[in-house]
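Structural features, examined
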Amino acid sequence: MDTLEALRLYVTIAETGSFSAAARQASVSTSTVTVALQQLEEQARVSLITRSTRRLSFTFEGRRFLADARKLLADWDASIAGVQDGPLRGPIRMTATQDFGRTEVAPLIDHFLDLHPAVQIALHLSDGVVDLVEQDIDLALRNGPLADSALKARLMLRGRRVVCAAPSYWANHAAPNHPDDLAAHNCLVHPRPGSTFSSWSFTIEGRPVTVRVAGNRVANDGGVLRQWALDGHGVVMRNDLDIRKELASGALVTALDRFVTSDANLYAVTAGSLSSLRVRTFIDFLAKNLVAD
C-alpha cells in the first residue's frame, strides 16, 4: 500500500474513532485499514494503536506520530495545491495567552483569513502551558524563557516582564524602591493552583531572588489583571508585550526596572520537525505583523 494512503487511513482512524468507521469514510474494507496500520507500525517499529474489544487508544508514540502524519499530509496537499496555483486551505489549531491572544492575535487572524478564506483557525486561549501533542495543536505563541524540549521555536518579539501600576495608584502609594517593598503594596495576583499569592522573580546584586506577593484581587486571566491595574487597584507584573500600548501612553508606569532583568520573549512554537505550508505561512504572517511599537 502507498505510504501516503496508509497515513490518510491512520489519520481517519483518529478522526472517526474506529477501524470500521474509518473504512466506511474512506470507502475501503476494514481489513484494508488494518493492513495500513500494520504497515505503518512495521515501518516505525513501534506500536501506534492499542486495541481491545470495546475501544482503541493511541500509544504515546502513536499520538506523536499522528501529529506528524497530519502535518505531513497537510504539507503534501498544500504543495500539490501550490503547483496547481490553488489557495491555502485547511485547519490551523493554535494557542496563545489570554490577554495577548485577545488584543493582538485575534485581530491578525481576521486579517489572515481575509487573505486566505479557505483556511480555518481555531484559537485556544490559556495562560497555562498547553501540551501541543496531547491537544493536537499546530502552533503555540509562548513567552520565554522556554524549557528545553523537542519543540521547535522561532523568535517573534523581544520582551521582558515589568512591575507596573496606574499613575493614580502610585500617587497614593509610594512606588517601591526595592522588591521587598512590595510587601506594603496591593499586588494583583495571577495565582498558582489553589493559592491566593504569587511569587515574582527579580535579580538583586546579581542573584536571582523570588519575592512572595499578595493582594485583594486574584485572577487567572491576564486581561482582568491588566484592567484592574489600569483602574488603579494595585501593582501587577506583566509581560511588556501585553501592555505596550498602556506603557507608551503612560496609563501604566513601571517600577523596580533595575531589578527585573529576565527576558520574556515571544516565540512561535511547533511540535515535530515538519509544519504544514499553511502553518508556516501563518507564522511568517505573524512575524511580519506582530511588530514591536
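Figured I'd write up the structure that's included with this text.

A few points about the pattern of salt bridges
Here the idea is simple: oppositely charged side chains can pair when their charged atoms come close. According to the stated counting rule, one finds 10 salt bridges in the structure shown. Of the charged contacts in the structure, one is a salt bridge between R238 and D242, with a shortest N-O distance of 3.0 Å. The two residues R238 and D242 agree in class, both being buried. If you follow the salt bridges from partner to partner, you end up with D99, R226, R238, D242 and E246 in one network.

Examining the environment of R280
Looking at where R280 falls in the secondary structure, it is placed in helix α9 (residues 277–289). With 111 residues separating them in the primary sequence, R280 and Y169 have C-alpha atoms 44 Å apart.

Concerning the packing of aromatic side chains
Scanning the entire structure with this criterion turns up 6 aromatic pairs. Consider the rings of Y169 and W170, whose centres lie 5.6 Å apart with planes at 70 degrees: the pair is edge-to-face. An identical accessibility class is assigned to Y169 and W170; each is buried. Each residue in the set Y10, F58 and F65 is aromatic and connected to the rest through ring pairs, giving one cluster. Directly above the ring of W228 sits R217, whose terminal nitrogen or CZ lies 5.7 Å from the centroid.

With respect to the pairing of strand β3 (residues 90–96)
Along any regular strand, the residues point their side chains to alternate faces of the sheet. Of all 7 residues making up β3, 5 are buried, and the element is well covered by its neighbours. Where β3 lies against strand β4 (residues 119–125), 7 bridges are found, and the strand directions are parallel. Bridged to P91 within β4 is Q120. Viewed along the sheet, the connection from β3 through helix α5 (residues 98–115) into β4 turns out right-handed. Taken together, the 2 bridges between β3 and strand β5 (residues 139–143) define a ladder with parallel strand orientation. Along β5, the bridge assignment pairs T95 with A140.

With respect to the sheet that holds strand β11 (residues 253–255)
Reading across the sheet, the 3 strands line up as β10-β7-β11 and stay open at both edges, with antiparallel pairing between neighbours. Looking at strand neighbours, the two that pair on one side only are β10 (236–239) and β11, the edges of this open sheet. Looking at each pair of strands side by side, their axes are set apart by 55 degrees on average, direction ignored. Pairing analysis gives 3 bridges linking strand β7 (residues 161–165) to β11, with the strands arranged antiparallel. Opposite C164, over in β11, you have T254 as the bridge partner.

What counts and how
- Starting afresh in each chain, residues are numbered from 1 along the sequence in its written order.
- Restriction of local features to residues with pLDDT of at least 70 applies here, the model being predicted, together with a cutoff of 80 or more for giving and counting side-chain atom pairs; totals for whole chains, interfaces and linings are based on all residues.
- Think of the side-chain values as coming from all heavy atoms in the structure, minus any hydrogens and water.
- Just to be clear on terms, a salt bridge is a Lys or Arg side-chain nitrogen sitting within 4 Å of an Asp or Glu carboxyl oxygen.
- Relative accessibility under 20% of the residue-type maximum defines a buried residue, over 50% an exposed one, and the middle range a partly exposed one, all with a 1.4 Å probe and only protein chains included.
- In this description a helix means any DSSP run of H or I spanning at least four residues, a strand means any run of E spanning at least two, and both kinds are numbered starting from the N terminus.
- Put simply, two rings from Phe, Tyr or Trp (the six-membered ring, in Trp's case) pair if the centres are within 6.5 Å, and we call them stacked under 30 degrees between planes, edge-to-face over 60, tilted for the rest.
- We count a charge as sitting over a ring when the NZ of a lysine or the CZ of an arginine lies within 6 Å of the ring centre and within 35 degrees of the ring normal.
- Two strands make a pair as long as DSSP finds a minimum of two bridges between them.
- The handedness rule is simple: strands pointing away from the viewer, and a clockwise path from the first strand over the helix to the second, make the crossover right-handed.
- To obtain an axis, a line is fitted to C-alpha atoms, over the contacting stretch when the element is a helix, and the angle between two such axes runs from 0 to 180 degrees between their N-to-C directions.

In short, geometric facts, not functional conclusions.
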